[in-house]
Amino acid sequence: MRVLLTGAAAGLAQGIAVALVRDGHELTLTFRPGGTPPERTLELIRDAGGAAEAYELDFLAGEQLVAETLARIVAGRGGFDALVHAVGPMSIARFERSTMAEYHAMIDGNLRSAVQAAAAVLPHMRAAHFGRLVFFGMNGSQTTRPARGLALHLAAKAGVVAFARTLALEEGRRGITVNVIEPGDIREKSLSRAEALEQSAANPRGRPGTWEDIARAVQFFIAAENDFVNGAVLNVTGGLIEPYERNAPPP
């Protein structure tokens, strides 16, 4: 399966990339110019016995530039069977301290980026009558559960969930599924599940979440045989209800 994985230079998406390559998928990555370079992710992919192409793509750039860059990536790779859209900047600040620049970063980086990525990959999927789209919310975004310090981020993520679930309705008969993962408060992005089992955390499960937990959800959602799972929002949180494992509110 040809998979486009956005924002894979670091964080949870880096581990997702390794998991997908181990499954035998043909992977294409995007990374933000001026941000974390993709070399470490590409090294981990090679260590896993795979290879991937990496492209610069700044989703905060102008709409036209983003659309043109995505079109070149899609055309150059011959279309994609799955999109795993892991791009999603986060701003933690009380609204009274927030700026319009932070508003645009949250909306453009989370919601607009999801819309433009979907618009780029869907024509090929429609023609093929097959596709898998996976987006990321945040814990509570499907119910717009409020969280201090996250007014702009949560608004953007709630929009992503609404967009994804509507796409699921519109594209389902074409063999295209659209689902959302809501990760918990996963702070150590490179922590393995084996390491997490030796630690404790303030969630009902009692251990930290890991990239492997998120990758398992991605693997499930993009599997060809799971075509009856559509429009789902999956909490991968260890049972955590609140957005944070620590009770102290953000600044």
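Up top is the structure these notes are about.
In this text, all values refer to a predicted model and were calculated from it rather than measured experimentally.

Q: Would you mind going over the sheet that holds strand β6 (residues 176-183) with me for this structure?
A: Across a sheet, paired strands are connected by hydrogen bonds in the backbone, their directions being either parallel or antiparallel. Taken in spatial order, the seven strands make up an open sheet running β3-β2-β1-β4-β5-β6-β7, and their pairing is parallel. Of all the strands in the sheet, the pair left with one neighbour each is β3 (52-56) and β7 (233-236). Taken over all neighbouring pairs, the strand axes of this sheet differ in orientation by 20 degrees on average, direction set aside. Here strand β5 (residues 131-136) pairs with β6 via six bridges, running parallel. Note on β6: the bridge partner recorded for Leu 133 is Val 178. Together, β2 (26-31) and β3 form the strand contacts of helix α2 (residues 39-47), whose direction differs from that of β2 by roughly 165 degrees.

Q: Hey, could you run me through unusual backbone geometry in this one?
A: Both trends apply: most residues other than glycine have a negative phi, and most peptide bonds are in trans. Positive phi is not limited to glycine here, since His 129 has a value of about 55 degrees. With a phi close to 50 degrees, Thr 144 is a non-glycine residue in the positive phi region. Among the secondary structure elements, Thr 144 is positioned in the loop between β5 and α5 (151-171). Residue classification places Thr 144 among the exposed residues on the basis of a relative accessible area of 51%.

Q: Sorry if this is basic, but what is going on with the packing of aromatic side chains here?
A: Think of a pair of aromatic rings as described by two things: how far the centres are apart, and how the planes are tilted against each other in angle. Tallied over the full model, the rule gives two aromatic pairs. Relative to Phe 163, the ring of Phe 135 has its centre 6.0 Å away and its plane inclined at 65 degrees; by these criteria the two rings are edge-to-face. In this pair, Phe 135 is assigned in strand β5 and Phe 163 in helix α5, connecting sequence segments 28 residues apart.

Q: Can you walk me through the pattern of salt bridges in this structure?
A: A side chain of one charge can pair with a side chain of the opposite charge if their charged atoms are brought near each other. Evaluation of the coordinates by the stated rule reveals eight salt bridges. The residue Glu 43 makes a salt bridge to Arg 40 at a minimum N-O spacing of 3.1 Å. Here Arg 40 and Glu 43 lie together in helix α2, a separation of three residues that amounts to about one turn. Taking the relative accessible area as the measure of exposure, Glu 43 reaches 34% and is therefore partly exposed.

Q: What am I meant to see in the nonpolar core here?
A: One broad trend across soluble globular proteins is that nonpolar side chains are buried collectively. With 29 residues, the main nonpolar core has Phe 59, Leu 83, Val 121, Leu 122, Leu 133, Phe 135 and Val 178 as its most contacted residues. When contributions to this core are tallied by element, the ones reaching two or more residues are α3 (63-77), α4 (100-128), β5, α5 and β6. In terms of residues, this core owes the most to one element, α4, which gives seven residues. Setting aside residues up to four positions removed in sequence, Val 121 forms contacts with Leu 4, Val 74, Phe 80 and Leu 83. Listed in part, the 28 residues of the second largest apolar core include Ala 8, Ala 13, Ile 16 and Ala 215.

Q: Would you mind showing me how to read the pairing of β2 here?
A: Every other side chain in a regular strand lies on the same face of the sheet, so the side chains alternate between the two faces. With five of its six residues buried, β2 lies for the most part within the structure. Sheet analysis places strand β1 (residues 2-6) next to β2, joined by four bridges and oriented parallel. Counterpart to Val 3 in the pairing with β2 is Leu 27. The sheet contact formed by β2 and β3 spans five bridges and is parallel. By the bridge assignment, Leu 27 is partnered in β3 with Ala 52. Viewed along the sheet, the connection from β2 through α2 into β3 turns out right-handed.

The rules behind the values
- Residues numbered from 1 in each chain as written.
- Predicted model: local features only at pLDDT ≥ 70, side-chain atom pairs only at ≥ 80, totals over all residues.
- Heavy atoms only, no water.
- Pairing = 2+ DSSP bridges.
- Helix = DSSP H or I, 4+ residues; strand = E, 2+ residues; numbered from the N terminus.
- Axes fitted to C-alpha atoms, helices over the stretch in contact; angles between N-to-C directions.
- Contact = heavy atoms within 4.5 Å.
- Buried < 20%, exposed > 50% of the residue type's maximum accessible area, 1.4 Å probe, protein only.
- Phe/Tyr/Trp six-rings, centres within 6.5 Å; stacked < 30°, edge-to-face > 60°.
- Salt bridge = Lys/Arg side-chain N within 4 Å of Asp/Glu carboxyl O.
- Core = buried A, V, L, I, M, F, W, Y, C linked by side-chain atoms within 4.5 Å.
- Right-handed = clockwise from strand over helix to strand, strands pointing away.

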